[in-house]
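Results of the structural survey
Listed below, chain by chain, are the residues.
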Amino acid sequence: MGRSTPDEDSSDSSSRTSRVLEHVRRELLLYSTVTGILLACVAGCVLRQFSLSSYAIYVIKFPGELMFRLLTMLIIPLVVLTIMSGVCTLQSGVGSGKIGVVALCYYIGTTICAAVLGLTLVLLAKPLTTPLANQGSSGQDQWARFQGNALDAIMDLLRNAVPSNVFLAPLERVTTQYETVVLQKAENVSNGGSVDSEVMRSLISVPGPNLIGLIVISVLFAMALNKLRGECERMIEMIQTLSRVVLLLVSWFMWTTPVGIFCLVLGNLLEAGDVSSMVRTVGVFCGIVVTGLFMHLSVTLTGLYVLVVRENPLSFLRAIAPAMVTAFGTSSSSATLPVTFHCLEERAGVNPAVSRLVLPLGTVINMDGGALYEALAAIYVAHILQFPLALSDYLTIVIASIASSIGAPSIPAAGMVTTILVFTSVGLPVEHIAIIYSVDWLLDRFRTMVNVCGDSFGCAVIQSLCRKELAEAAGYHQANEGNSSYNLKDNEMFLNGGISQSSI
């Protein structure tokens, strides 16, 4: 009695096997990408013994470059179409206005928390830092040419938000350039005389998409379409169809990430200098940064998620895991954007009306990892150089790190440029940023991963806070079902969140 028959045992075993295979099939992309990173670490340790040439490393990274180009190819159509689709989903743009305000408050609030956390951790860890003796500028003069301040960064952000040419916005953005002009040169400079100079500012256009400008243009255009909805139904329908086409391309391109990330991580490991020397020099700094990023993710972001959404954050993290792994591999939140869209809408069930409006905005202004890193890096370097900092300097560093991280380019290694702005805000010698530059390539990957998590958690939190607006928008589309581009299937998708299976 109570014993199972051989047929029952066989049936249970077959059922467990099918469940395991189904789970592996569903998570195959995630497991493949993680395996690629682990294999890259092993291969990197082995191949470093052979001292490969720079050209060989260049060839190794080439498949990763192709993967990176495939993903970045979709950034502009993805940002423009998904934002316009999201705004058009909401009735008359009223709901999108509140969602936008809530998103801004969330992103700025979490960025402030990240910067303050970085400040707190580096102050607590001050006894662990070892002052460096006689740090000269030899080999570090390359950094002395960088100048700037947080106010210039904010003004550049606002300039880019209002592009002077709509058609050039996908191709270039505006930034401030600095040039030191000698006004009057003393006769005996070699004997202690001074040189009277002034830093002149000018605006230049640099290649690269102006994402903040594209977001502003897309939101305004979509709001105008909503206002004239009766006359623009066909155009709205076309925008939503094109949005689904782009997301379908994303689902195809994502399968290139395991091989691409393997090649990128392997190439970076082979390019790294003396790892043991690097660890001895800045090991404490790396430990503080990684600890801070982990605390921000596990306490601030998941805490807000639990407080507002009231669901298990581990399930949500599991859903966005492919985006986290891709962010670590590419070190670019913009390149990860297509994967993040797929994870939120397909795996996490976030309402497309929220993700398509909030996620591109977060990619531009939500740089939690960058704010934490910049505040921490400036104070850490000041400590090891025994550079005196007053209480007002600490406050300035926090404000500068927040301001410079907002709107920073979401591309690899952009954090070093914004860190320079924080250094100059308190007069810290810019050339000493070379002390931490050797590990920036690694820490940048952790920062990007936290930035992507912040964007994703933000979408879930904002969806929970704006349920009323989403319900009103769903009711609006039900009432206009007869003469709207939204059919019953699209409306059901809107209410439940996520993209219907027929859309992908």
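Residues numbered from 1 in each chain as written. Predicted model: local features only at pLDDT ≥ 70, side-chain atom pairs only at ≥ 80, totals over all residues. Heavy atoms only, no water.

Labelled according to an unreviewed UniProt entry, the protein appears under the name Amino acid transporter, originating from Isodiametra pulchra. Its UniProt record gives the protein the following Sequence similarities (unreviewed entry) comment, quoted word for word: "Belongs to the dicarboxylate/amino acid:cation symporter (DAACS) (TC 2.A.23) family." Checking UniProt for the protein, the heading Subcellular location (unreviewed entry) contains the comment "Membrane". (UniProt positions renumbered as here; feature names shortened; annotations may be inferred.)

Another aspect to go through is the overall build of the protein. Within the protein, the secondary structure is distributed over 22 helices and 2 strands. Expressed as a percentage of the 504 residues in the protein, the buried residues total 49%. In the protein, the share of contacts with a sequence separation of at least 24, taken over all contacts with a separation of at least 6, comes to 84%. In the form shown here, the protein has an accessible surface area of approximately 23800 Å², with 62% of it arising from carbon and sulfur atoms. (Helix = DSSP H or I, 4+ residues; strand = E, 2+ residues; numbered from the N terminus. Buried < 20%, exposed > 50% of the residue type's maximum accessible area, 1.4 Å probe, protein only. Contact = heavy atoms within 4.5 Å. Areas by Shrake-Rupley, 256 points an atom, 1.4 Å probe, with all protein chains shown as cover.)

This part is about the packing of helix 10 (residues 257-271) against helix 13 (residues 321-330). At a closest axis distance of 9 Å, the pairing of helix 10 and helix 13 adopts a crossing angle of 35°. In this structure, helix 10 crosses over helix 13, and the sense of that crossing is left-handed. Residues Thr 257, Ile 261, Leu 264 and Val 265 of helix 10 pack against Val 325, Thr 326, Gly 329 and Thr 330 of helix 13. Residues that form the contact of helix 10 with helix 13 fall into these classes: 4 nonpolar, 4 polar and no charged. (Axes fitted to C-alpha atoms, helices over the stretch in contact; angles between N-to-C directions. Left-handed = near helix turned anticlockwise from the far one by under 90°. Nonpolar A, V, L, I, M, F, W, Y, C, P; charged D, E, K, R; others polar.)

All right, on to unusual backbone geometry then. One non-glycine residue, Ser 331, adopts positive backbone phi at about 60°. Considering the arrangement of structural elements, one finds Ser 331 in the loop between helix 13 and helix 14 (333-347). Despite not being glycine, Gln 386 has its phi angle at roughly 60°, a positive value. Take Gln 386: it is sitting in the loop between helix 16 (368-384) and helix 17 (391-405).

If you check UniProt for "transmembrane region" (unreviewed entry), the listed places come out as residues 28-50, 70-90, 102-125, 204-225, 245-270, 282-307 and 420-439 in our numbering. Between the C-alpha atoms that bound residues 245-270 the distance is 38 Å, and the span itself is 88% helix and 0% strand.

Let us look at the packing of helix 2 (residues 28-47) against helix 10. Packed helices, taken two at a time, are described by the angle between their axes plus the distance between the axes. Following both chains from N to C, one finds helix 2 and helix 10 inclined at 25°, their axes separated by 8 Å at the closest point. With respect to helix 10, the axis of helix 2 lies roughly parallel. Helix 10 is crossed by helix 2, and the crossing has right-handed handedness. When helix 2 is examined against helix 10, the residues Leu 29, Ser 32, Thr 33, Gly 36, Ile 37, Leu 39, Ala 40, Cys 41, Ala 43, Gly 44 and Leu 47 are found in contact with a partner set consisting of Thr 257, Pro 258, Ile 261, Phe 262, Val 265, Leu 266, Leu 269 and Leu 270. (Parallel < 35°, antiparallel > 145°, perpendicular 65-115°, else oblique.)

This next bit is on the side chain of Ser 243. Inspection of the secondary structure puts Ser 243 in helix 9 (residues 233-253). Other than its neighbours up to four places away in sequence, Ser 243 contacts Leu 81, Thr 82, Ser 85 and Arg 356.

Let's shift gears to a nonpolar patch on the surface. Together, Val 20, Val 24, Leu 28, Tyr 31 and Trp 255 make up a nonpolar patch on the protein surface, roughly 460 Å² of accessible area in all. Where the nonpolar patch is concerned, the elements lending two or more residues are helix 1 (6-26) and helix 2. Topologically, Tyr 31 is positioned in helix 2. The class of Tyr 31 is partly exposed, set by a relative accessible area of 37%. (Patch = residues over 30% accessible without salt bridge, like charges linked within 9 Å, V, L, I, M, F, W, Y side chains within 5 Å. Salt bridge = Lys/Arg side-chain N within 4 Å of Asp/Glu carboxyl O.)

A few words now on helix 20 (residues 440-465). Helix length check: helix 20 (26 residues) gives 36 Å between terminal C-alpha atoms against 38 Å at 1.5 Å per residue, within 8%. Along helix 20, 22 of the 26 residues are buried, which leaves the element largely enclosed by surrounding structure. (Expected span 1.5 Å × (residues − 1).)

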